[in-house]
Amino acid sequence: MPAVNYQEFLRSRRSVRRFLAGVIAREIVERILTTSTFASSAHNRQPWRFAVVTSAGARSRLAMSMAEAYRRDLSTDQVSQKEIDQIVQRSTQRIKAAPVLVVLCMDSTEMDSYSDPRRAEAERVMAVQSTANAGMLMLLAAHAEGLGAVWNCAPLFAPQEVGGALGLPAAWEPQAMLMMGAPAEAPEARPRKPLSSILRHL
Ligand SMILES: Cc1cc2nc3c(=O)[nH]c(=O)nc-3n(C[C@H](O)[C@H](O)[C@H](O)COP(=O)(O)O)c2cc1C
């Protein structure tokens, strides 16, 4: 493919939030996840971990635990009970409707350790950045399969609940949840800041 077409392909990815019902073959999911592992990572430590949720039981446990955490958080904001119910119900429905959920986790146990907080924090950020790289590549790999996908940040706000609901190893820190499936919508490109406003040539 000529280079310009790669740019077009990369730019044509969208966050897709509505999916057609139907199973996505495990082989396709694993192809996407394998591509995701080709992401760049700090020291090549590959701190990403993937929990693929497709069974009704795991999906329901995940949705319930996240709803509980969401409800708890919203109740500390100035949000009415009716609004909380609506927001939580919408979130639960989205979790239940996505054919594939990948909980993207970070295991930082193989990263370098430092005794001083400044370098320890920088190393932790590198693990987060590396894990996010895998997430971005996962979105693109899903797109390459003709699937839609969206990044969802909710697990970051409820890592204990998500880990508990799925029985994840203690070292797996949930960072995000990627929802995937055959797209039921074709969203327009969201606006981008002009390059001139975010760029400095020096
Ligand atoms: C770290 C991160 C967190 C996000 N969290 C959510 C989310 O919780 N729910 C959601 O619908 N989209 C979420 N998104 C998707 C963004 O809203 C989306 O990428 C952005 O609006 C640009 O749209 P596009 O992906 O179609 O280009 C998230 C994206 C990132 C990178």
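Residues numbered from 1 in each chain as written. Predicted model: local features only at pLDDT ≥ 70, side-chain atom pairs only at ≥ 80, totals over all residues. Heavy atoms only, no water.

### Description of the environment of M138
- Turning to its location among the elements, M138 is positioned in helix α5 (residues 117-144).
- For M138 and A39, which are 99 residues apart along the polypeptide, the C-alpha to C-alpha distance reads 9.0 Å. (Helix = DSSP H or I, 4+ residues; strand = E, 2+ residues; numbered from the N terminus.)

### A look at the site of the ligand
- Taken together, the neighbourhood of the ligand is formed by R13, R14, S15, R17, R94, V150, W151, N152, C153, R190 and R192.
- One of the side-chain nitrogen or oxygen atoms of R94 is found 3.4 Å away from an oxygen atom of the ligand.
- Within the side chain of R192, a nitrogen or oxygen atom sits 3.0 Å from an oxygen atom of the ligand.
- For the shell around the ligand, the element with the highest residue contribution is strand β3 (residues 148-152), accounting for 3 residues.
- Grouping the constituent residues of the shell around the ligand by class yields 3 nonpolar, 2 polar and 6 charged. (Near = heavy atom within 4 Å. Polar contact = N/O pair within 3.5 Å; in protein donor to acceptor, adjacent residues only side chain to side chain. Nonpolar A, V, L, I, M, F, W, Y, C, P; charged D, E, K, R; others polar.)

### Let's talk about the packing of helix α2 (residues 26-36) against α5
- Where α2 contacts α5, the two axes come as close as 8 Å, and the packing angle between them is 140°. Taken together, the axis directions place α2 and α5 in an arrangement best described as oblique. Note that α2 runs across α5; the crossing there is right-handed. Contacts between α2 and α5 involve I32, L33, T35 and S36 from the former and A134, L137, M138, A141 and A142 from the latter. (Axes fitted to C-alpha atoms, helices over the stretch in contact; angles between N-to-C directions. Parallel < 35°, antiparallel > 145°, perpendicular 65-115°, else oblique. Left-handed = near helix turned anticlockwise from the far one by under 90°. Contact = heavy atoms within 4.5 Å.)

### Observations concerning a nonpolar patch on the surface
- There is a patch of nonpolar side chains on the surface, built from L195, I198 and L199 and spanning about 300 Å² of accessible area.
- Along the chain, the position of L199 falls in the segment after α8 (195-198).
- With a relative accessible area of 37%, L199 lands in the partly exposed category. (Patch = residues over 30% accessible without salt bridge, like charges linked within 9 Å, V, L, I, M, F, W, Y side chains within 5 Å. Areas by Shrake-Rupley, 256 points an atom, 1.4 Å probe, with all protein chains shown as cover. Salt bridge = Lys/Arg side-chain N within 4 Å of Asp/Glu carboxyl O. Buried < 20%, exposed > 50% of the residue type's maximum accessible area, 1.4 Å probe, protein only.)

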